[in-house]
Amino acid sequence: MVRPKSKSPRDSFANVRLTAEERMEIEVTARSLNLKSISEYVRHLHKFHTRNIDQNRAFYEVAPEAMYSADRLRLFHKTNLGQIYLGDSLDFLHSRSSEKSIDLIMTSPPFGLVRKKTYGNEDAEEYCNWFRPFAEGFRRVLKDNGSLVIDIGGAWKPGMPTRSLYHFELLIMLCNEYGFHLCQEHFWWNPSKLPTPAEWVNVRRVRVKDAVNCVWWLSPTPWPKASNRRILAPYSEAMLDLLKNGYTAKLRPSGHDISDKFQRNNGGAVPPNLLAVANTESNGRYQDYCRKNDLEIHPARFPAKLPEYFIKMLTNSGDTILDPFGGSCVTGMVAENLRRKWICIELSESYLRGALGRFQGPPANGAVEKSVQYAINIPCALPIDEATIPLSEDGGKTRPATQSKELAPRTRKATALWSERP
Ligand SMILES: C[S@@+](CC[C@H](N)C(=O)[O-])C[C@H]1O[C@@H](n2cnc3c(N)ncnc32)[C@H](O)[C@@H]1O
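Before going into details, it helps to say that this report is about the structure given with it. All figures in this text were calculated on a predicted structure; none of them were measured in a lab. (Residues numbered from 1 in each chain as written. Predicted model: local features only at pLDDT ≥ 70, side-chain atom pairs only at ≥ 80, totals over all residues.)

Thoughts on the packing of helix α11 (residues 305–314) against helix α12 (residues 330–337)
Next up, step 1: Interhelical geometry of α11 versus α12 gives an angle of 45° and a closest axis separation of 9 Å. The angle between α11 and α12 places the two elements in the oblique class. For α11 against α12, the interelement crossing comes out right-handed. On the side of α11, the interface is formed by Pro307, Glu308 and Ile311, while α12 contributes Val330, Thr331, Val334 and Ala335. (Axes fitted to C-alpha atoms, helices over the stretch in contact; angles between N-to-C directions. Helix = DSSP H or I, 4+ residues; strand = E, 2+ residues; numbered from the N terminus. Parallel < 35°, antiparallel > 145°, perpendicular 65-115°, else oblique. Left-handed = near helix turned anticlockwise from the far one by under 90°. Contact = placed C-beta atoms within 7 Å.)

Okay, here's the thing in structure tokens:
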């Protein structure tokens, strides 16, 4: 049937000048509201501001079934064990996936939609509100003994030497409002991270290098399946020596009774919740593929070791892993190598075109690396003369006169949609 002609056709254009970052940010927010284009978003904002509060509420109160549709997802690529979808993961979480079908959600969402002009807690509140429909979807699709692992970086408040609370607020919201349990927080330490933000660290010298990401391991019940035996680290030289030459059981200065059970070789050491993984990979199959095909390399990838650690500890071969913020599909690649079923969903087609490079030819060596050790030097180990190093009494408010102005704009980087990783 021929569609009747619209009485008010939308054929009037308004030019809005945006940076690529602003455009991406608006598109992500629009999609999270289930709006298909920037035009729809502008109309939505207009309605929002012109209706009264009650009407606004009605505007939002749409049944989830009506808001999400699996038809909008496009199967982009398939492997033996996995599927990559192009589209909004909310459509997957609320309509494509069956309830309680996922063993592990391993993901890294866009970090802090920290606004350039916010100085209070609005950024955190805004982030939590953006996350709510995802949280609901995660609860819907996760099995009771499954896990949700979220890698999330902190953010500096724009122009301030203080931090946003958004990732802590997110954690509290997930536990208090969506009934998740915090199994254990982990910290991903990137030993190769640059000392940023330079303004506070190198110029005004009032903060230290920000080198860890928080990784929240949560689950719908306090008892997700898990085994730390799957993720053992090599024993230290000292421990190997102890296992070889024995140990005299005695009371430690801390009062701990070190019995002879410490002499048992368990095949490796239980690692701490500090995961030392450098993110220095600049050459590899994925990057080569992107460069060769003139595709954008994803700026915020996590290293394969991160999903490898949680996939091994929390899932069995044949289990299903979901990454709803798929990016360049590192999670998919690792899951495929470890013989797990997997699903990655990503909004940007250009990132997915690059991700295809991970699945060409025989499995990439993404999940098996040789053992590396990093040393952390003890702080305060250098002799200093306090009399020659005054504290910054105004907390760094005034810039040292000797420093060049050129370094200042670098602190603005904290306002990116997601933090780029070096
Ligand atoms: C921090 S990146 C993830 C990077 C990924 N872990 C990797 O290592 O390549 C977050 C990704 O989420 C995507 N994204 C944001 N909102 C989304 C949504 N509603 N559905 C699917 N993908 C989304 C962004 O386009 C971005 O690529």
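Text resumes after the structure shown.
Some words on the site of the ligand
Next up, step 1: In the vicinity of the ligand lie 23 residues, with Ser89, Arg301, Phe325, Gly327 and Ser328 positioned nearest.
Next up, step 2: Of all elements in the fold, only α1 (20–32), α5 (89–96) and β11 (341–346) reach the threshold of two or more residues within the shell around the ligand.
Next up, step 3: At 3 residues, the largest contribution of residues to the shell around the ligand is made by α1.
Next up, step 4: Within the shell around the ligand, the residues separate by chemical class into 12 nonpolar, 7 polar and 4 charged.
Next up, step 5: Shared between two domains, the shell around the ligand takes at least three residues from each, and those domains are domain 1 (20–67) and domain 2 (71–232 + 270–359). (Near = placed C-beta within 6 Å. Nonpolar A, V, L, I, M, F, W, Y, C, P; charged D, E, K, R; others polar. Domains from an automatic or database assignment.)

Here's the deal with unusual backbone geometry
Next up, step 1: That bond from Thr196 to Pro197 is cis: its omega, -5°, falls within 30 degrees of zero.
Next up, step 2: Tracing the backbone shows Pro197 in the loop between β5 (181–189) and α8 (198–203).
Next up, step 3: Look at Lys100: it is not a glycine, yet its phi comes out positive at around 50°.
Next up, step 4: Residue placement: Lys100 occurs in the loop between α5 and β3 (102–107).
Next up, step 5: Since 15 C-beta atoms lie within 10 Å of it, Lys100 is described here as partly exposed.
Next up, step 6: Not every positive phi belongs to a glycine, and Asp294 is a case in point at roughly 55°.
Next up, step 7: The residue Asp294 is located in the loop between α10 (285–292) and α11 in this model. (Buried ≥ 20, exposed ≤ 12 C-beta atoms within 10 Å, placed from the backbone.)

Quick look at α12
Next up, step 1: Across the 8 residues that make up α12, a large majority, 7, are buried.
Next up, step 2: Those residues of α12 not exposed but buried are Val330, Thr331, Gly332, Met333, Val334, Ala335 and Glu336.
Next up, step 3: On the buried face of α12, the contacting elements are β2 (82–86), β3, α11, β10 (320–323) and β11.
Next up, step 4: Just beyond α12, the residue with positive phi is Arg339, at close to 65°.

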